[in-house]
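# Reading the structure
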Number of protein chains: 2
Amino acid sequence: MSLLVVGSLAIDTIETPFGRVENVLGGSSTYISIAASYFIKPIRLVGVVGSDFSKEYINILEDREIDLEGMQVIPGGKTFRWGGRYHYDLNVRDTLYTDLNVFQHFNPVIPKSYKKTTYVCLGNIDPVLQHRVLEQIEKPRLVVGDTMNFWIKGKNAELRKTLKLLDVLILNESEAREITDEPNLIKAGKAVRELGPRIVVIKKGEHGALLFTPSTIFSAPAFPLENIYDPTGAGDTFAGGFIGWIAKTNDISDANLKRAVIYGSTMASFCVEKFSLDRFKNLTILEIHDRFHSFRELSHFEEDFLDNGK
Amino acid sequence: MSLLVVGSLAIDTIETPFGRVENVLGGSSTYISIAASYFIKPIRLVGVVGSDFSKEYINILEDREIDLEGMQVIPGGKTFRWGGRYHYDLNVRDTLYTDLNVFQHFNPVIPKSYKKTTYVCLGNIDPVLQHRVLEQIEKPRLVVGDTMNFWIKGKNAELRKTLKLLDVLILNESEAREITDEPNLIKAGKAVRELGPRIVVIKKGEHGALLFTPSTIFSAPAFPLENIYDPTGAGDTFAGGFIGWIAKTNDISDANLKRAVIYGSTMASFCVEKFSLDRFKNLTILEIHDRFHSFRELSHFEEDFLDNGK
C-alpha cells in the first residue's frame, strides 16, 4: 500500500498561554504525513516551499521516511508562514499573520512515480487544487479530504464539485453545521454524505468525533487530556492517523473505520500534548498501543439487562 | 432495595418549534421517579403541591406505582407552575414564567416509613433543603444529588456544605466549569470530586456524558437523535435512570456505574422524543433494552494493533 499526501508546508510561530515557539515546521501535509508515517510506507508528499525551507525541516520529514520527490522548491521564494496566538480557552485563536508566499500560487504537480497510489489524503487546500490533484492520479482505493469554513464560504460551488470526488470528508462540528445549514449534528452528518463522500467524520474537539458510514454511526470519545499545550495541527494529525491505519490494513469495513477514527484520535491526542511536532515526531509503537487501548477503557461497558433476574 | 426521591412537582406549559403543551405534569421529582420506576420499587416521592394538583396528575404517578405518602398537599394552595419556550436551537430557552406558589415554602418532611431508604435522589432544589432531607434519614447506601447554576451563584456556601454529604453529583457541563472555575472539563470533573461527591457525572447534552469515579473516567456517547421535540426534564430523567439502575442492581462498582450512565442516557433519549412525559411514561422493557444495546453499538470497537503483522 502507498499514501499520497497533498497540502501545505509551513513555518509557524505559535503562542499559547503555556509558551511560544518560533519558526517551527508546520502545515497540513506535515502533520498528516508524520502521523501516517507510524502506520504506512511509502508516504509521498506533494507541497511547495521556498528556498528558506531549511535542511532542519527536511530532516524532520526524512527522519520519518517521507518521500519528498513531490515537494516543489521555488528558488528565491519564501515558504508559507503562519503565526497564531491561542487564548486561555484554547478554542479561541487569533491569527497574527498569514503570509502565503509561494503557497499562493501552489500548483500541485503529481510526479509520474506517484500516479499509482492506493490511498490519497488531501489536506485543507483550495478545493480547486484538490480537484486538480485527483485529475492527475489513477483511480485510488480511497480519497480522504479535509476542508474548512474559509472554502465553505468562499468557494462553495467549487467545494461541492470536489466533494463528489471524495470517499471520506473529515470536517469539524461547526463546518458540518455550516455546509449543511443544519443545527442537529446527526442530520448534518447525514446531509454531508448526500453531498458526495460516502464516509464522513465530524471532529468535535474535546467531545470526540462522529463517524457516518452508509450503514452505521460511531461515536468516539476524546482522550481526557488535562493539559493541552498547543492545538495546532490536531485536525491534520487526526486525518493522518485515520488514513494511515486504513492504508496499513487496506480494510474499509465499518469495524475498521471505527478503529481508524480511534487511531486518528490517538495521534491527535499526542499532537496537542507539546508544542508543534515535539510530542509526536518520535513516538514509540508501545506509546501508540497504550493510548489506543486507553480509548477502549474510556468508552467500553458491558451489557446487563433489566430482566436479568436480579 | 428502595429509593427516595425529593424534588419539585410542577404544572408545565411548554413551547418548542414543534408544538405546545399546556398544564402538563412536570417537575424534577416527577421525571426522576418515572424514569426510575422502570428499574426499582418502591419509589417514595417527597414534594409539595396545591389543591389544584388534579387526580389526572396523581394517576400518572400512581400508574407507575410511585408511593405518594410523602407528597404534601397544601389546602387552598397553588402548585408550582413553570412556562418555557425553546428556540429552534433547543439549547436556547426562554423562561416565560416561574410561579413558585406552594413550592416557595417547601419544607421536605420525610415520613417515618421512608426514613430507612437504601437509595436517595435529591432533585435540583435549594441545597439547604437537600441538607435538611439528609438530616432526617438513616444513613442510606448512596445519595445522588442534582444542582444548577442558580444555586452555584446564589447559595454557593450552602451548596458546598451539602456537596460534602453527597456520594454522587450530577451536573451539566457549564455548571461543572462554573462551580470549579476551570475551563478544562477533565480538570473540572476531578475538581468537583474534591468538593465532596466521590462520583461525578457531567452531562454534555448532544455530546453525551462523562463519569468520574475515584479510579476511572468513562465517556458515554449521546444517542444520535435527529428529532428532539422537547428537552424538558431530560436531565432529571437521566438522574432517574442512573439511580434506578444502581438501586435495582445494588452494585456501585465502576463497571456498573458505567452501565448506570448508559441507562440514564437511555431514559433521557426517550424523554426528549415527545412532549413532556408522553414518550416515556409507557415504555416497554424491550424498548429500553433495544436502546441500551444501541448505545453499545454506537460506541464499541474491537482492538487491532499496529504490530499485528498485516
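These notes cover the structure that comes with them. Only a predicted model underlies this, so the values are computations on that prediction, with no experimental measurement involved. (Residues numbered from 1 in each chain as written. Chains lettered and ligands numbered in written order. Predicted model: local features only at pLDDT ≥ 70, side-chain atom pairs only at ≥ 80, totals over all residues.)

### Quick notes on the packing of helix H8 (residues 234-249) of chain A against helix H9 (residues 254-271) of chain A
All names here are of chain A. Put simply, H8 and H9 touch, their axes get as near as 7 Å, and they point 140 degrees apart. One finds that H8 runs oblique with respect to H9. Regarding H8 and H9, the two cross each other, and that crossing is right-handed. Mapping the contact onto sequence places Ala 234, Thr 237, Phe 238, Ala 239, Gly 240, Gly 241, Phe 242, Gly 244, Trp 245, Ile 246 and Thr 249 in H8 and Asn 256, Arg 259, Ala 260, Val 261, Tyr 263, Gly 264, Ser 265, Thr 266, Met 267, Ala 268 and Cys 271 in H9. Across the contact of H8 with H9, the residue classes tally to twelve nonpolar, nine polar and one charged. (Axes fitted to C-alpha atoms, helices over the stretch in contact; angles between N-to-C directions. Helix = DSSP H or I, 4+ residues; strand = E, 2+ residues; numbered from the N terminus. Parallel < 35°, antiparallel > 145°, perpendicular 65-115°, else oblique. Left-handed = near helix turned anticlockwise from the far one by under 90°. Contact = placed C-beta atoms within 7 Å. Nonpolar A, V, L, I, M, F, W, Y, C, P; charged D, E, K, R; others polar.)

### So, the nonpolar core
Ranked by internal contacts, the top residues of the largest apolar core, which has 92 residues, are Leu 3, Cys 121, Phe 242, Ile 243 and Val 261 of chain B. Ranked by residue count, the leading element in this core is helix H9 (residues 254-271) of chain B, at nine residues. With near-sequence residues (within four places) excluded, Val 261 of chain B lies in contact with Val 201, Ala 209, Leu 211, Phe 218, Ala 220 and Phe 242 of chain B. In terms of nonpolar packing, the next biggest core, distinct from the first, is built from 91 residues, Tyr 119, Leu 166, Leu 211 and Val 261 of chain A among them. (Core = buried A, V, L, I, M, F, W, Y, C linked by C-beta atoms within 7 Å. Buried ≥ 20, exposed ≤ 12 C-beta atoms within 10 Å, placed from the backbone.)

### Focus on the relation of the copies chain A and chain B
Here chain A sits on chain B after a turn of 180 degrees about the axis and a move of 0.0 Å along it, with an RMSD of 0.0 Å. Look at the turn and shift together and you get a two-fold axis relating the two. A share of 100% of the interface residues of chain A reappears at the interface of chain B, consistent with the copies meeting face to face through the same patch. (Least-squares fit on C-alpha atoms with pLDDT ≥ 70 in both.)

### Regarding the interface of chain A and chain B
Listed as interface residues are 40 residues of chain A and, on the opposing side, 40 residues of chain B. Within the residue set of the side of chain A that touches chain B, elements represented by two or more residues are helix H7 (185-194), strand S14 (217-220), H8, H9 and helix H10 (285-299) of chain A. Tallying contributions element by element places H10 of chain A first for the side of chain A that touches chain B, with seven residues. Split into classes, the residues belonging to the side of chain A that touches chain B amount to 18 nonpolar, eight polar and 14 charged.

### Here's the deal with the sheet that holds strand S2 (residues 10-16) of chain A
All names here are of chain A. Read across the sheet, four strands follow the order S3-S2-S7-S8 without closing on themselves; strand pairing throughout is mixed. At either end of the open sheet lies a strand with only one pairing partner, and these are strand S3 (19-26) and strand S8 (93-99). Ignoring strand direction, the axes of neighbouring strands in this sheet form an average angle of 15 degrees. Bridge count between S2 and strand S7 (residues 80-86): six bridges; the pairing is parallel. Paired with Asp 12 across the strands is Trp 82, a residue of S7. (Pairing = 2+ DSSP bridges.)

### Things to note about the environment of Thr 284 of chain A
Residues and elements named next belong to chain A. Along the chain, the position of Thr 284 falls in the loop between H9 and H10. The class for Thr 284 is exposed, based on 9 C-beta atoms found within 10 Å. Put simply, Thr 284 and Tyr 38 are 246 residues apart on the chain and 8.7 Å apart in space, counted from C-alpha to C-alpha.

### A word on the pairing of strand S11 (residues 168-172) of chain A
Residues and elements named next belong to chain A. Counted residue by residue, S11 has five buried out of five residues, so it is predominantly covered. Where burial is concerned, the two faces of S11 agree: the one with Val 168, Ile 170 and Asn 172 and the one with Leu 169 and Leu 171 are both buried. Here strand S10 (residues 142-146) pairs with S11 via three bridges, running parallel. Within S11, the position partnered with Gly 145 by the bridge is Leu 169.

### A look at unusual backbone geometry
Negative phi characterises most residues that are not glycine, and trans characterises most peptide bonds. In the segment running from Lys 41 of chain A into Pro 42 of chain A, the intervening peptide bond is cis, with an omega of -5 degrees. Secondary-structure assignment places Pro 42 of chain A in the loop between helix H1 (28-36) and strand S4 (43-50). A positive phi angle is found at Asn 250 of chain A, which is not glycine, with a value near 50 degrees. For Asn 250 of chain A, the position within the fold is in the loop between H8 and H9. One non-glycine residue, Asp 181 of chain B, lies in the positive phi region at around 55 degrees.

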